[in-house]
Amino acid sequence: MVKRLDATDEAIELIKILKEKHGDLMFYQAGGCCEGTQPQCFEKGGYYQRMGDVCIGSIEDTEFWVDKDLFEYWKHAHFTLKVIDAFGVGGFSLETPLKKTFQIEYRIFTEEEEKNLEPVKVFE
């Protein structure tokens, strides 16, 4: 099965640091002002998904949820979670006090990959 989500080593390391401090985590990728490039990291349960939102996978046992409308637009894309040294838009994400920002890079799946994608979980 082809994964829909991967992460850089730097992103994985930051997730581990945040988990030590905050416990279980979750990501939520919204549409809107950031146009789907900046996911927000919360304590697990710290953000309420909408009906139909989609979990595209997990990193370090941390689910990565995507806004249902944004998923429709990006369902043919692979997400790579990375981290940069910057203060992100809004500042609601748990990495903000560390002067870090999670970001997503996208690439379109090949036709072959599309035939063998991991299933997603839909919030009901």
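All figures in this text were calculated on a predicted structure; none of them were measured in a lab. (Residues numbered from 1 in each chain as written. Predicted model: local features only at pLDDT ≥ 70, side-chain atom pairs only at ≥ 80, totals over all residues. Heavy atoms only, no water.)

Some words on the side chain of Asp53
Next up, step 1: Structurally, the position occupied by Asp53 is in the loop between strand S3 (40-43) and strand S4 (54-59).
Next up, step 2: By relative accessible area, Asp53 is classed as buried at 0%.
Next up, step 3: Polar side-chain contacts of Asp53 include one of 2.8 Å to the backbone nitrogen of Arg50.
Next up, step 4: Apart from the residues within four sequence positions on either side, Asp53 is in contact with Tyr28, Trp65, Val66, Asp67, Lys68, Lys121, Val122 and Phe123. (Helix = DSSP H or I, 4+ residues; strand = E, 2+ residues; numbered from the N terminus. Buried < 20%, exposed > 50% of the residue type's maximum accessible area, 1.4 Å probe, protein only. Polar contact = N/O pair within 3.5 Å; in protein donor to acceptor, adjacent residues only side chain to side chain. Contact = heavy atoms within 4.5 Å.)

Here we look at unusual backbone geometry
Next up, step 1: Here Glu60, not a glycine, exhibits a phi torsion of approximately 50°, which is positive.
Next up, step 2: With respect to the helices and strands, Glu60 occurs in the loop between S4 and strand S5 (62-66).
Next up, step 3: Residue Glu60 is classed as partly exposed on the basis of its relative accessible area, which comes to 33%.
Next up, step 4: Even without a glycine there, the phi angle at Asp61 is positive, about 60°.

Notes on the pairing of S5
Next up, step 1: Burial analysis of S5 places four of its five residues in the buried class, which makes it a mostly covered element.
Next up, step 2: Sheet topology places strand S2 (residues 25-29) next to S5; four bridges connect them, and they run parallel. Residue pairing for S5: Met26 is matched across the bridge by Glu63.
Next up, step 3: Looking at chain direction, S4 and S5 are connected through five bridges and run antiparallel. The residue of S5 that forms the bridge with Gly57 is Phe64.
Next up, step 4: Where S4 folds back on S5, the antiparallel hairpin that results is connected by two residues, among which Glu60 adopts a positive phi of roughly 50°. (Pairing = 2+ DSSP bridges.)

As for the packing of aromatic side chains
Next up, step 1: For the structure shown, the criterion picks out nine aromatic pairs.
Next up, step 2: Residues Trp65 and Phe123 carry aromatic rings whose centres are separated by 6.0 Å and whose planes lie at 90° to one another, so their mutual orientation is edge-to-face. Of the two residues, Trp65 is situated in strand S5 and Phe123 in the segment after strand S8 (121-122); the sequence distance between them amounts to 58 residues.
Next up, step 3: We classify Trp65 as buried; its relative accessible area is 4%. (Phe/Tyr/Trp six-rings, centres within 6.5 Å; stacked < 30°, edge-to-face > 60°.)

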